[in-house]
Amino acid sequence: MDLARLKERLRAEVEARAEVLVAASHQIHEHPETNYQEHFAHELLTDLVEADGLPVERGAFGLDTAFAARAGDRGPTVAVLCEYDALPGIGHACGHNIIATAGLGAGLAAAALAREAGGRVVLLGTPAEEGGGGKILMARQGAFDGVDAAMMVHPAGDDLARMDAIAVQELTVSYDGEAAHAAAFPERGRNALDAAVLGYLNVAALRQHILPDERVHGVFLEAGEKPNIVPARTVTEWMVRSRSIATLVPLKERVAACLEAGAAATGCAATLSWKPVVYADMLDNEAMVALYVANAAAAVGRHVAEPHAGAAVVGSTDMGNVSYLVPSIHPMIAAAPSGVPIHTPEFAQHARSASGDRAVIDGAVAMAWTVADLWLGDGVLESVRNEFAATIARVGPEARQSATQPPPGA
Ligand SMILES: [Zn+2]
Ligand SMILES: [Zn+2]
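Calculation notes
- Residues numbered from 1 in each chain as written.
- Chains lettered and ligands numbered in written order.
- Predicted model: local features only at pLDDT ≥ 70, side-chain atom pairs only at ≥ 80, totals over all residues.
- Heavy atoms only, no water.
- Pairing = 2+ DSSP bridges.
- Helix = DSSP H or I, 4+ residues; strand = E, 2+ residues; numbered from the N terminus.
- Axes fitted to C-alpha atoms, helices over the stretch in contact; angles between N-to-C directions.
- Parallel < 35°, antiparallel > 145°, perpendicular 65-115°, else oblique.
- Contact = heavy atoms within 4.5 Å.
- Donors = N, O, S within 2.8 Å, 3.2 Å for Na, K, Ca; no water.
- Core = buried A, V, L, I, M, F, W, Y, C linked by side-chain atoms within 4.5 Å.
- Buried < 20%, exposed > 50% of the residue type's maximum accessible area, 1.4 Å probe, protein only.
- Patch = residues over 30% accessible without salt bridge, like charges linked within 9 Å, V, L, I, M, F, W, Y side chains within 5 Å.
- Areas by Shrake-Rupley, 256 points an atom, 1.4 Å probe, with all protein chains shown as cover.
- Salt bridge = Lys/Arg side-chain N within 4 Å of Asp/Glu carboxyl O.

Our focus in this paragraph is the sheet that holds strand 1 (residues 56-58). What the six strands build is an open sheet, ordered 1-2-4-3-5-13; its pairing is mixed. If you trace the sheet from one side to the other, it starts and ends with strand 1 and strand 13 (328-329), each paired once. As judged from the six bridges shared by strand 3 (residues 77-82) and strand 4 (residues 120-125), these two strands associate in the parallel manner. Within strand 4, the residue paired with A79 across the bridge is V122.

Attention now moves to the packing of helix 2 (residues 18-30) against helix 3 (residues 39-51). Their axes nearest at 10 Å, the elements helix 2 and helix 3 cross at an angle of 170 degrees. The orientation of helix 2 with respect to helix 3, classified from their angle, is roughly antiparallel. Along its contact with helix 2, which presents V20, A24, Q27 and I28, the element helix 3 presents F40, A41, L44, L45 and L48.

Another aspect to go through is the coordination of the zinc ion (ligand 2). Around the zinc ion (ligand 2), the donor atoms from the protein are C94 (SG), H96 (NE2) and H154 (NE2), and they sit 2.0 to 2.3 Å away. On the primary sequence, the residues serving as donors to the zinc ion (ligand 2) are separated as C-x1-H-x57-H. Between the zinc ion (ligand 2) and the zinc ion (ligand 1) the interatomic distance amounts to 3.1 Å, and C94 serves as a bridging ligand to the pair. Note that C94 is positioned in the loop between strand 3 and helix 4 (96-117) and H154 in strand 6 (residues 154-156), a separation of 60 residues in sequence.

Attention shifts here to the nonpolar core. Of all hydrophobic cores here, the largest spans 65 residues; its most connected members are M151, Y292, L374 and W375. Take this core: its biggest share by element is 13 residues, from helix 11 (residues 354-376). Once residues within four sequence positions are removed from consideration, Y292 is found in contact with V153, V304, I329, P331, I333, A366, M367 and T370.

On to a nonpolar patch on the surface, then. On the surface, a nonpolar cluster with roughly 300 Å² of combined accessible area is contributed by V197, L198, L201 and F220. Among the elements that line the nonpolar patch, the one with the most residues is helix 6 (residues 192-206), at three residues. In this fold, F220 is placed in strand 9 (residues 215-222). A relative accessible area of 33% means that F220 is categorised as partly exposed.

As a further point, take the coordination of the zinc ion (ligand 1). The zinc ion (ligand 1) binds to the protein through C94 (SG), E130 (OE) and H343 (NE2); the donor distances cover 2.0 to 2.2 Å. In the primary sequence, the donor residues of the zinc ion (ligand 1) line up as C-x35-E-x212-H. Judged by its relative accessible area of 5%, C94 falls in the buried class. Since its relative accessible area comes to 37%, H343 is described here as partly exposed.

Take a look at the structure:
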């Protein structure tokens, strides 16, 4: 099939499903579910895939709320990813209802024409982006084996070619000391709150001497019960972020030393528990980014810009880990007025608005067209693959392995 003709037919396939996609976006928005609890969204999305005539694997890759649906019998395999988890307390403030339904639209449109066009598509439902690392666990079960390229769109306040996604690992620290009456027998106490405070201050001092784009932030979860009882136990929680999964390793060691020193100073014991998933930085495949940018302009009239001072989204995503396995993109699609940041109640409202609904349909068409380029574009897949091989050679095979393997000590 001719590429231009395929693109127009893909647009029609998305538009034929527009009402269903927007209704699903609203329903997911109205039922916010956090990490690995996305049963409503999983049911809704898999039912819609099945109703479209596509077999779907529910609870895929050992995760109750993941799914996979495949179409096509030859040619390159392109994965389109759907996220659908929400944030505690503020609902769909990251707009994953838009990610889910833009992905559904692109995936179903591509599936409808896959055999005829000579390409393959796999629609993946990926739970728990907000800290649970769903894509990482899926990758460990082979979700990306045989995939030639992967894509998703994430809503934001602007149309951006990429998110500035850096590596992150989360850490919980508990300090155990000795309780005592703080007035009668203070000498018998070992103060776990002092340990936590000193650890916190050590990290504050460390911040002056880390790289400019590294981030360490922590909160106190348990900090004692009553002033006249020497606190015997405290718990703090941390996120440690660095430019790449490789540069994160030495930073983690320095942060751990700071936090352990608080225990040493106070005669307490520190227990550090790193989360068993590390979010990798995003290795955007520039050849694919260029295709998406061109398609968003040509198909739906969106000017997709490079991040700049007024508009950039710095954060982390488990799509970064996918990008170490297969050529990947994670563009941002405007669903709210410029400058409205994600993870705010205000953004949650825009995620279910006319502009949010437009992002669902536009994102679906722009991705479907990008799938078409990967299937049929002259030399496209080859340049995507060559760039990916060069990128992996640059980051090294060890970094690539650490993107999916359980981190040491976890
Ligand atoms: Zn988020
Ligand atoms: Zn998000």
